[in-house]
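Residue-level listing of the chains:
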Amino acid sequence: MTAPTTPHGITSHGTTTPSGTAVPAPGASPVSVDLSGRTALVTGAASGIGRACALRLAAAGAEVRAVDRDAEGLAALAGLGDGLVGALQPQLLDLTDLDAAEAAAAGTDILVNNAGLQLVRPIEDFPPDVFHTVLTVMLEAPFRLIRGALPHMYAQGWGRIVNISSVHGLRASAYKSAYVAAKHGLEGLSKTAALEGAPHGVTSVCVNPGYVRTPLVEKQIADQAAAHALPEERVLSDVLLKDSAIKRLVEPEEVADAALYLCSPQASFITGTSLALDGGWTAH
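This section reports on the structure supplied with the text. (Residues numbered from 1 in each chain as written. Predicted model: local features only at pLDDT ≥ 70, side-chain atom pairs only at ≥ 80, totals over all residues. Heavy atoms only, no water.)

### Topic: helix α2 (residues 71-78)
Residues spaced three or four apart along an α-helix face the same direction, because each turn holds 3.6 residues. For α2, the set of buried residues is Gly-73, Leu-74 and Leu-77. Buried residues of α2, seen end-on, are gathered within an arc of 100 degrees and therefore sit on one face of the element. Among the exposed residues of α2, those oriented more than 90 degrees off its buried face are Glu-72 and Ala-75. Each element contacted by the buried residues of α2 is listed here: α1 (48-59), β4 (63-68) and β5 (87-92). At the N-terminal boundary of α2, the capping side chain belongs to Asp-70, with an oxygen 3.2 Å from the backbone nitrogen of Glu-72. (Buried < 20%, exposed > 50% of the residue type's maximum accessible area, 1.4 Å probe, protein only. Helix = DSSP H or I, 4+ residues; strand = E, 2+ residues; numbered from the N terminus. Arc of directions from axis to C-beta. Contact = heavy atoms within 4.5 Å. Polar contact = N/O pair within 3.5 Å; in protein donor to acceptor, adjacent residues only side chain to side chain.)

### Regarding the pattern of salt bridges
By the definition in use, this model includes eight salt bridges. For Glu-102, the salt bridge is made with Arg-144, and the minimal N-O distance between the two is 2.5 Å. Residue Glu-102 is found in helix α3 (residues 98-104), and its partner Arg-144 is found in helix α4 (residues 128-156); the two are separated by 42 residues along the sequence. The pair Glu-102 / Arg-144 is uniform in exposure class, with both members buried. Lys-242 is the partner of Asp-243 in a salt bridge, and the nearest nitrogen-oxygen pair spans 3.4 Å. Exposure remark for Lys-242: the relative accessible area of 51% places this residue in the exposed category. Each of Asp-99, Glu-102, Arg-144 and Arg-147 takes part in a single network of salt bridges with overlapping partners. (Salt bridge = Lys/Arg side-chain N within 4 Å of Asp/Glu carboxyl O.)

### Considering the sheet that holds strand β7 (residues 159-164)
One open sheet accounts for seven strands, arranged β5-β4-β3-β6-β7-β8-β9; its pairing is parallel. Only two strands of the sheet have a single partner each, and these edge strands are β5 and β9 (274-277). When strand polarity is set aside, the average angle formed by the axes of neighbouring strands in this sheet is 15 degrees. The sheet contact formed by strand β3 (residues 39-43) and β4 spans five bridges and is parallel. Bridging across to β4, Leu-41 finds its partner in Arg-65. Strand contacts of helix α5 (residues 177-197): β7, β8 (202-209) and β9, with the helix running at about 155 degrees to β8, the strand carrying the most contacts. Here helix α8 (residues 252-261) sits on the sheet in contact with β7, β8 and β9, set at roughly 155 degrees to β9. (Pairing = 2+ DSSP bridges. Axes fitted to C-alpha atoms, helices over the stretch in contact; angles between N-to-C directions.)

### Here's the deal with the nonpolar core
Of all hydrophobic cores here, the largest spans 39 residues; its most connected members are Leu-35, Leu-57, Val-64, Leu-88 and Val-112. If you list the elements that add at least two residues to this core, you get β3, α1, β4, α2, β6 (110-113), β7, β8 and α8. Counting residues per element, this core draws most heavily on α1, which supplies eight residues. The residues touching Leu-57, leaving out its near neighbours within four places in the chain, are Leu-35, Ala-40, Val-42, Ala-62, Val-64, Val-112, Leu-260 and Cys-263. Of all hydrophobic cores here, the second largest spans 28 residues; its members include Ala-101, Ala-149, Leu-150 and Val-202. (Core = buried A, V, L, I, M, F, W, Y, C linked by side-chain atoms within 4.5 Å.)

### Quick look at the pairing of β7
Most of β7 is tucked away: six of the six residues are buried. Covered by surrounding structure in β7 are Gly-159, Ile-161 and Asn-163 together with Arg-160, Val-162 and Ile-164, the residues of both alternating faces. Note: β6 against β7, four bridges, orientation parallel. Across the sheet, the residue bridging to Asn-113 is Asn-163, located in β7. Chirality of the crossover, the property in question, places the unit of β6, α4 and β7 among those that are right-handed. (Right-handed = clockwise from strand over helix to strand, strands pointing away.)

Written out as structure tokens, the structure is:
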């Protein structure tokens, strides 16, 4: 198999998922997009989907403000910047500081709202302070980041807002009240931004993956396997992927490629909608 090559000639051999699906390595992408001269901001960039998005955008030539509260993770990400056409600019930021979040987004051409957190608990046992924090990070902070980014986008007549939502932005699951509420709210925010931004050349789209192979999800698999005395494969097929027609996790790079495509000229008519990467979950 020929190694995938980025638009700028960077070659990488990539990886293969457990089901045999080829996924390019971090920084490489089969999606041809030139983002030279563009500035992007990615939240939750220290790991998982955010890390993959930051690397994809930088490989396409963007100057990427990689935002996270995880200093160690940001340092590791910065170490992957050598050889990329664009640049990674790690920025330590706690998104509960809403004024700082809005200020950080000033001057950005591309905004990827990705940061999130999760707590699984019945509503009657769900801590109100955690519910508040989840909605602050996953809904109010995206609003403030969009608010901070739009003046520059409007002034130049071009902008891309990519909101990393979830299948839980389209469907609910028990015991995830804060996460589901935040993602459903993000869907509405994204559509409103699309309607307001259209006359100014700004698009806004949600990307809705199912369960993604991130450290958070892998820990959930291990914990549930121990709790239910099940092999991890059974946890995947019988619990996490029960409603998915394709019985594997989504790879972070697959989500990043979708985000990168939404920044391309070919995607200029895609706005105000949700792109499901859910393996058929919402086909039910």
